[in-house]
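Geometric and topological summary
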Amino acid sequence: MQSRRDFIKISALGIGGITLGSQGIPKLLGNGLFIDPVVSGMKRIPTYCEVCFWKCAAWTHVDEKGKIRKIIGNDSDPHCNGRLCPRGTGGVGVYEDKDRLTTPLIREGEVGSQRFRKASWDEALDLIADRIKEISAEHGPESIALFNHGSSGAHFTHLMKAMGSSNTAPSYAQCRGPREVGYKLTYGSVLGSPEPLDIRDSKCMVLIGSHLGENMHNGQVQEMADMIEKGADIITVDPRYSIAASKSKYWLPIKPATDIALLLAWIHVMIEENLYDQDYVKNNTIGFEQLAHHVKQMTPEWAYGITTIKPSMIRKTARLMAASAPASFVHPGRQVTWYGDDTQRTRAIAIINGLLGNWGKRGGFYFAEKVKIPKYPYPEYPTPKWDWRNILNGRFPFAALSISNTFIDATIDQEGPYQIKGWIVSGTNLPYAIPDISKFEKAAQLAKFIVVVDTMPMEITGYADVVLPECTYLERYDDLRTSPHREPYIALRAPALPPVGDSKPAAWMARELGIRLGLEAYFPWEKYEEVLEWQLNKVGSSLEEMHEIGIKRFPRKSGPLYQPENELPLFSTPSGKIELYSQQLADTGFDPLPNYTEHATPPEGYYRLNYGRAPMHTFSRTSNNPYLADLMDENFVWVHPKVAAKWNLETGQKVYLKNQDGVKSEFPIKVRVTERIRWDSVFMVHGFGHSNKQLTQAVGKGASDNHLITDVKIDPIMGATGMRGNFVTFIVDATT
Ligand code: SF4
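This report concerns the structure included in the present document. From a predicted model like this one, the values you see are computed outputs, not experimental measurements.

**As for the overall build of the protein**
A count of helices and strands for the protein gives 23 helices and 28 strands. The C-alpha radius of gyration computed for the protein amounts to 25 Å, which stays within 12% of the reference 27 Å derived for 736 residues, consistent with globular compactness. Within the protein, buried positions represent 63% of all 736 residues. Within the protein, contacts between residues separated by at least 24 positions form 74% of all contacts whose residues are at least 6 apart in sequence. By element, 50% of the accessible surface of the protein is carried by carbon and sulfur atoms, the whole surface being about 26800 Å². Between the averaged position of the 83 positive side-chain charges in the protein and that of its 83 negative side-chain charges there is a distance of 4 Å.

Spelled out as structure tokens, the structure:
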């Protein structure tokens, strides 16, 4: 039986975690876990991790010489249960990275050139404020857009709203947007983060292209280990034999881009064989008759010809899911922007979960609750004259948040009524995150002004007119973490050390800019601690208490964790029920029930480009981290042995990749020959292939998948950018 310790070890690909040696230098351990050295006289300061967006609460331990000795998980935190993942323990590398930005920079070279001169904060902030005023005077404040990813975005979002612009773009359209829309349409509510999945008590979990264990969503990985320990079953659908697949009862190596056909066939089996929860469906859903009629012909035999999954396997897995219901679910996924029909795929998943009757059930979805933190009493924000919805102009009717790519389009569009002229980019390396790099570059050339706020000199900084050096999460206060969970919690992030060099917190930068823009009323505090203290007092706590405990638990107010047996749940859909058939979609001209649409397959000699995560890295933001690079400093392209034989490739050999549009990878990438990938696909870990020479650890190592994603499949329902419709071939002579 697999223990949790073993599982974490396996999740880290057996490479191990990180601990501190006698010189305070993290070193690898064989067992994959952090070993806590006994060092006297250390202070511990609460934080929550920013190495990824799971936000595990942690303690930073600082010795008497002011050196960070270790970062360990907070035992009270359900996101991590006291255990950080390898990346989280490697957070000390975020602080120590010698390539960090430590002073404001003003560009001297041409756009994209990475040539800057150092500047004082006053000069940099005055310049930004002047340019924002100029652009606002000419085009309105709405013409400034914010691209953000991470905690700092909240401070700039506040500044933007105070200025009169609500054009702020998170990673919604590149990540979980379609899932949230699919669930909103079906259940009337979004899932949020962490997803309210009762994994630890589940008897059967289905993963579709979701590689838990490699993406290290910490709490979920731990619960997955718990369910394995209890003998529960996992079914993994993935063209790649992932870590999760290796822990699964069944691995279904599906032909890529055919998942909806499999989902529809599963629905067919559940209905034809009366496996679904009939009472639950009768009482809680609408549209069952239409659904049954819709999938009548979508037999496992029909799906076999599309997915390459045998009918007997489709039936067997459908029966297993149903036999375990309601403690059984299909994981709704997270990075789900694949083929342009992603909202519909998520709808199909939501429908299966409806048939399993798992909403509000132990082992299915629990009812999450979060602490409502009162808003600090700022003045009302001005109402913008227009926003991102105007840019969409009726497209993507179910988009609930702005679509970052449409800000790129609105920067290129020099004629339209809703143009973006200036960018503030906070914590997101756009050339490695937004697909279609040529469009991005065109927009960056046309933008009148770009400010980049980051801790590291990423590729995006090369496009900035001004670069503002942000201190890391270990050196600043940020907003309280209030993510929903089984019990409501808050977590504090506090600085363990003063900022390195002349780096500053985003809250300070936003305030300084606000003052220069005449928006002092929106920043009536000297230090951000005042905001936190005010908010904490309102919920019956204080900074002093939170420094002591790091995380505070509150009693639930919204009712029980699971649906009481004798009560029917209420859904916030128009019908008040789970909408298997979506009248909202029908009314807006979309398929009210999910349909399988055939997607292009790779031309001869090309292979579908699949990308994903490794346990020790988070996108391109960690590839320069000295400790995490020790674990993995480049990515490989996974190639099936049949394909390797055809191309005469060997493990370790360097190749360039070229996509269907003739775009070649900037750097060569090493081949990994493995049976763990289908013959029609290749796989690579996202976030490598850096070109910025100031990233001394990461430059030129591996290749960037994002540069090869030039065919973007847009989801017509909500605008997400599907990125898995790209194919690559090999340029074997890596010297060309
Ligand atoms: Fe940090 Fe790992 Fe938690 Fe992400 S999962 S927040 S990297 S400890």
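**A few points about unusual backbone geometry**
One can expect most non-glycine residues to show negative phi and most peptide bonds to be in trans. With an omega dihedral of -5 degrees, the bond running from Ser193 to Pro194 counts as a cis peptide bond. If you trace the backbone, Pro194 turns up in the loop between α6 (177-187) and β10 (204-208). Note the cis peptide between Ala325 and Pro326, where omega equals 5 degrees. One can find Pro326 in the loop between α13 (311-324) and β14 (328-330).

**Brief notes about the sheet that holds strand β9 (residues 168-169)**
Strands sit in the order β7-β6-β17-β16-β15-β8-β9 across an open sheet of 7 strands; the sheet is mixed. Of all strands in the sheet, those with a lone pairing partner are β7 (116-118) and β9, marking the two edges. Looking at chain direction, strand β6 (residues 105-107) and strand β17 (residues 466-469) are connected through 2 bridges and run antiparallel. Within β17, the residue paired with Leu105 across the bridge is Val467.

**Notes on the side chain of Asn74**
Position of Asn74 among the secondary structure elements: in the loop between β5 (68-73) and α2 (86-89). From its side chain, Asn74 meets the backbone nitrogen of Ser76 in a polar contact 2.9 Å long. If near-sequence neighbours (up to four positions away) are discounted, Asn74 is found in contact with Ala57, Ala58, Trp59, Cys80, Asn81, Gly82, Ile549, Gly550 and Ile551.

**Overview of the nonpolar core**
Soluble globular proteins: nonpolar side chains tend toward being buried together. In this structure, Trp266 and Met321 are the most contacted members of the largest nonpolar core, which totals 88 residues. Broken down by element, this core gets its largest block of residues, 10 residues, from helix α9 (residues 259-272). Inspection of this core shows a minimum of three residues originating in each of domain 2 (194-368 + 563-587) and domain 3 (607-731). If we skip the residues at most four places from it in the chain, Trp266 touches Val206, Ile208, Val237, Leu252, Ile314, Thr317, Ala318, Met321 and Ile352.

Calculation criteria
Residues numbered from 1 in each chain as written. Predicted model: local features only at pLDDT ≥ 70, side-chain atom pairs only at ≥ 80, totals over all residues. Heavy atoms only, no water. Helix = DSSP H or I, 4+ residues; strand = E, 2+ residues; numbered from the N terminus. Rg over C-alpha atoms; globule rule 2.2 N^0.38 Å. Buried < 20%, exposed > 50% of the residue type's maximum accessible area, 1.4 Å probe, protein only. Contact = heavy atoms within 4.5 Å. Areas by Shrake-Rupley, 256 points an atom, 1.4 Å probe, with all protein chains shown as cover. Lys, Arg positive; Asp, Glu negative; His and termini not counted. Charge placed at Lys NZ, Arg CZ, Asp CG, Glu CD. Pairing = 2+ DSSP bridges. Polar contact = N/O pair within 3.5 Å; in protein donor to acceptor, adjacent residues only side chain to side chain. Core = buried A, V, L, I, M, F, W, Y, C linked by side-chain atoms within 4.5 Å. Domains from an automatic or database assignment.

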